[in-house]
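Examining the three-dimensional arrangement
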Amino acid sequence: MAITRQPHVIRTASLRRIGYDPGMPLPASTMRSKLFLAPLFGLVLAAPLGCIQSAETPPPAAAAATGGPAALERDEHSFAEPQIVAVTHLALDLALDFGQKVLSGTATLDLDWKDPASTALVLDSRALSIAKVEAGDGTTWADVPFALAPTHAILGEKLSIALRQQDRKVRISYRTSPDASGLQWLTAAMTLGKKTPFMFSQSQQIHARSWVPLQDTTLVRFTYEAHITSPKDVMVLMSADNDPKAARDGDYQFTMRQPIPSYLLAVAAGDLVFRAITDRAGVWAEPAMAPSAATEFASTGRMMEITEQLYGPYRWDRYDILVLPPSFPYGGMENPRLTFATPTVITGDQSLVSLIAHELAHSWSGNLVTFATARDAWLNEGVTTYVENRIIEALYGKERADIENVIERNALKLEFTAENAALQPLAVKPGVLKDPDENLTSTVYTKGAWFLQFLEQRIGRAEFDAFLKEYFDHFAFQLISSAEFAKYTKANLLDKYPGRVSQAEFDAWLYAPGVPDTAPATTSARLNAVDAARNAWLTAGTVPATALTEKWTTQEWVHFLEGMPAVLSEAQIKALDAAYKFTGTPNGEIAQRWYPLTVRSGYLAARPAISDFLSRVGRRKLVMPIYDALAKTPDGLRFARDVFARARPGLHPITIGSVETALADKPPAR
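Keep in mind that this is a model prediction, so the values were computed, not measured. (Residues numbered from 1 in each chain as written. Predicted model: local features only at pLDDT ≥ 70, side-chain atom pairs only at ≥ 80, totals over all residues. Heavy atoms only, no water.)

1. Things to note about the environment of I590
The condition that has to hold: Secondary structure counts use DSSP, requiring at least four H or I residues in a row for a helix and at least two E residues in a row for a strand, with both numbered from the N terminus. Exposure is judged per residue with a 1.4 Å probe applied to protein chains only, and the accessible area is read against the type maximum: over 50% gives exposed, under 20% gives buried, and values in between give partly exposed. Every residue pair with non-hydrogen atoms within 4.5 Å of one another is taken to be in contact.
As for its placement among the helices and strands, I590 is situated in helix α15 (residues 588–600). Here I590 falls in the buried class, since its relative accessible area comes to 8%. Separated by 34 residues in sequence, I590 and E556 place their C-alpha atoms 10.0 Å apart. Excluding residues that lie within four positions of it along the chain, I590 makes contacts with W557, L561, F582 and T585.

Structure (structure tokens):
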């Protein structure tokens, strides 16, 4: 998905964590060489203890991972050098301060040394205030010198630590910035209950470094524990072993025993209560939201059973869902054990629960088997989108699954252009992806899932299901690159079933832009009926009958609006609004299609509702199409800037960055 950036902020991904988020960007770039460290650490060792500023440019990427099948991969978006030393465990001891909007305390890193000659530790950070760094064995500690390099616009600051020996542990005392790109702080007035402030993190893609100094790369997996203190009226949760029966006392302990990459590190705090769905799944939300959320997501337990039947056991113990305030910039985020979800998918009819199917599917593809670098993002999102669609088909039927495929593939046709052809291959070439938030949604989600559907139909569903289940087992708790996927698939699928998929066909999906001619077509009779109703209205002016439209789901309304001409006449836009009351709709998926149409058509009567929507909702998928449409005219741009100025205090830094870019002054066209 496509994400834009403000100067001091980097956008994240996961996305669709986003439900499905057409037209939004993802991930970024640059690294370091071991040879460059020699002169730097000679300088550091001769310096006094404390922070030394180094005028170093971002080094080349780390040459290797911490082992596993993608051990020779490079991460262009991290300063870390896991081929020299890897973090295996993280212990956090942090205090949460709503007044200052900061986390402060210590991060203790357990180290696994790979290079017997090195004593250099390099970490990622962004806008962190480092007070001191200590090294030791966990009992005895000694201060050690460290250097923070100047800020890189995308990567943040490289934190270089000079150890005198290969210590087992390093403890860093630090404080986050109030503007940390991976944290959002909401006042009580910005929450549903209006009584208690709220805070939550968003670490993907490379935002964990803004609230923890660590190796912020998928090349490293670590277990973690945490001690978090907060005001006593606040419940704190993490992507760890949250206890549904935990007392709300301001003092919380967490353990994550399964190793995770840094982008899955998560924390949230606010007025939160728990509602059980099954004995191993439930919902956390503000008290007024909890009952409706539990009802909306009632199918979660069945989704877990379906996925386990297809692809093997769920390996993360519990699966809970945290419903965040509307300012959350994405549809969902697959933090292990605790999916973060937007309230905009709670519609009362379960029409948007594919978002939960998607985040749950990440428990196999992404959390369990993780892409090696942001250039391989389709191995997280594309595989997950395929699994999501299989869950939806098993739960609601093939027609519902086909509808969602058609809508997503229509969006792909719009997003793929000649200008972004370099980002259309599933395996993006090194150096192309400058920011890890710049992947194309249609590539990593839709094309990736389409590729797997192609393999399924050519190989056979039963055979492909068996392959995918074995794939999850084989690479469990490891990372994988596109090259390793190709090698594994050739040995365990293409060669096993000769003559069904040629190597040329396989490579066209993986390495070529666009969508190959071998892509299986998907149609939907229900969407065809929507097309007929729309065309009848456009040609004859006959508004589709209520007897027809009252049976439409959100997906059918979305398709109805997406097929409209770019501009409607004044009479047409008024007739549609009078018939279906689109203006003021509580459904964000409809709003993000309707409001841009009203802007392009000059329907000023919708502006008060647009202002209200943009002031309440921060999910980028829903608001960015509206801001983009408004920014195309001088009057719309003035209106958008005025609305944004009022909405900004309640928006996430990631959304702020995207809107600022959309509303920035553009150079005159040549």
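Read on, since the account is not over.
2. As for the pairing of strand β11 (residues 198–201)
Walk down a regular strand and you will see the side chains alternate between the two sheet faces. Spelled out, the test is: Strands pair, by our definition, only if DSSP identifies at least two bridges between them.
A two-sided burial pattern is seen for β11, the buried positions comprising F198 and F200 on one face and M199 and S201 on the other. Pairing of strand β10 (residues 183–186) with β11 involves four bridges; the strand directions are antiparallel. Bridge pairing links L186 to F198 in β11. By the bridge criterion, two bridges tie β11 to strand β15 (residues 267–270) in an arrangement that is antiparallel. Counterpart to F200 in the pairing with β15 is A268.

3. Topic: the sheet that holds strand β9 (residues 169–175)
Under the convention used in this document: Working convention: axes come from line fits to C-alpha atoms, limited for helices to the stretch in contact. Angles between N-to-C directions cover 0 to 180 degrees.
In space, the seven strands of this open sheet follow the order β6-β5-β9-β3-β2-β12-β14, with mixed pairing throughout. Two strands bound the open sheet, and with one partner strand each, they are β6 (141–143) and β14 (251–260). With direction set aside, neighbouring strand axes in the sheet form an average angle of 20 degrees. Bridging between strand β5 (residues 129–136) and β9 involves seven bridges; their strand directions are antiparallel.

4. Examining the confidence of the model for the protein chain
Where we set the bar: One number per residue, pLDDT, summarises how confident the predictor is, and it ranges from 0 to 100.
Residues of the protein chain with pLDDT of at least 70 account for 88%, and the chain-wide mean is 87. Scored below 50 in pLDDT, residues 1–72 makes 323 contacts in the model with residues more than four places away or belonging to other chains.

5. Some thoughts on helix α9 (residues 482–494)
Quick reminder of the rule: To estimate how far a helix should reach, multiply one less than its number of residues by 1.5 Å.
With 13 residues, α9 should reach 18 Å at 1.5 Å per residue; the first-to-last C-alpha distance of 16 Å falls well below that figure. Inspection of α9 places S482, E484, F485, A486, Y488, T489, L493 and L494 among the buried residues, and these make up the whole buried set. Summarising the contacts, the buried residues of α9 are in contact with α5 (378–396), α7 (441–459), α8 (461–474), β22 (478–480) and α10 (503–511).

6. Remarks on the nonpolar core
Condition: Among the buried residues, those of types Ala, Val, Leu, Ile, Met, Phe, Trp, Tyr and Cys that are joined through side-chain atoms within 4.5 Å form a nonpolar core.
Grouped together as the largest cluster of nonpolar side chains are 150 residues, with contacts concentrated most on I161 and F451. If you tally residues by element for this core, the top one is α7, at nine residues. Core analysis: the second largest hydrophobic core is formed by 42 residues, L568, A606, I626 and A647 among them.

7. Quick notes on the sheet that holds β15
Pairing within the open sheet is antiparallel, and its four strands lie in the order β10-β11-β15-β13. What marks the edges here is a single partner per strand, and that holds for β10 and β13 (235–238). Neighbouring strand axes in the sheet, compared pairwise and without regard to direction, differ in orientation by 10 degrees on average.

8. Points about the pattern of salt bridges
Let me state the cut-off plainly: Think of a salt bridge as a Lys or Arg side-chain nitrogen and an Asp or Glu carboxyl oxygen that are within 4 Å of each other.
Taken as a whole and judged by the stated rule, the model has 33 salt bridges. Here E456 makes a salt bridge to R461, at a shortest N to O gap of 3.1 Å. Judged by relative accessible area, E456 falls into the buried class, the value being 9%. What makes R461 partly exposed here is its relative accessible area of 32%. In this structure, the salt-bridge partner of R619 is E589, at a minimum N-O distance of 3.9 Å.

9. So, unusual backbone geometry
For the bond running from Q204 to Q205, omega is -5 degrees, close enough to zero to count as cis. Relative to the assigned elements, Q205 resides in the loop between β11 and β12 (222–229). Backbone geometry at A127 places phi at a positive 60 degrees, although glycine is not the residue there. Positionally, A127 belongs in the loop between β4 (120–125) and β5. Note on A127: relative accessible area 37%, which makes it partly exposed.

10. Quick word on the pairing of strand β3 (residues 102–113)
Across the 12 residues that make up β3, a large majority, 10, are buried. Relative to β3, strand β2 (residues 85–97) runs antiparallel, the two being bridged by 12 bridges. Counterpart to H89 in the pairing with β3 is D110. Counting the residues that bridge the hairpin from β2 to β3 gives four residues, and of these K101 lies at a positive phi of roughly 60 degrees. Relative to β9, β3 is paired through seven bridges, and the arrangement is antiparallel. Looking at β9, one finds that D110 is bridged to K169.

11. Looking at the side chain of N242
Going by this rule: Here a polar contact means two N or O atoms within 3.5 Å. Within protein one must be a hydrogen donor candidate and the other an acceptor candidate, and residues neighboring in sequence count only if both atoms are side-chain atoms.
Relative to the elements of secondary structure, N242 occurs in the loop between β13 and β14. Within the structure, the side chain of N242 is placed 2.6 Å from the backbone oxygen of M238, a separation counted as a polar contact. Setting aside chain neighbours within four positions, we find N242 in contact with L237, F254, R318 and L338.

12. Quick look at the packing of aromatic side chains
What counts is decided by this rule: Ring pairs shown here join Phe, Tyr and Trp side chains whose ring centres sit within 6.5 Å, with only the six-membered ring taken for Trp; geometry is labelled stacked below 30 degrees between planes, edge-to-face above 60, and tilted in between. Note on criteria: charge over ring means Lys NZ or Arg CZ within 6 Å of the ring centre, with the direction from the centre no more than 35 degrees off the ring normal.
The final tally for this structure, using the stated rule, is 38 aromatic pairs. Centroid distance W557 to F560: 5.8 Å. Interplanar angle 90 degrees. Geometry classified as edge-to-face. Taken together, the residues span about one helical turn, with W557 and F560 both in helix α13 (residues 554–562) at a distance of three residues. Owing to a relative accessible area of 12%, W557 belongs among the buried residues under this scheme. Seen from the ring of Y396, R400 lies directly overhead, with NZ or CZ sitting 4.5 Å from the centre. Lying across the ring of F639, R607 places its NZ or CZ 4.6 Å from the centre.

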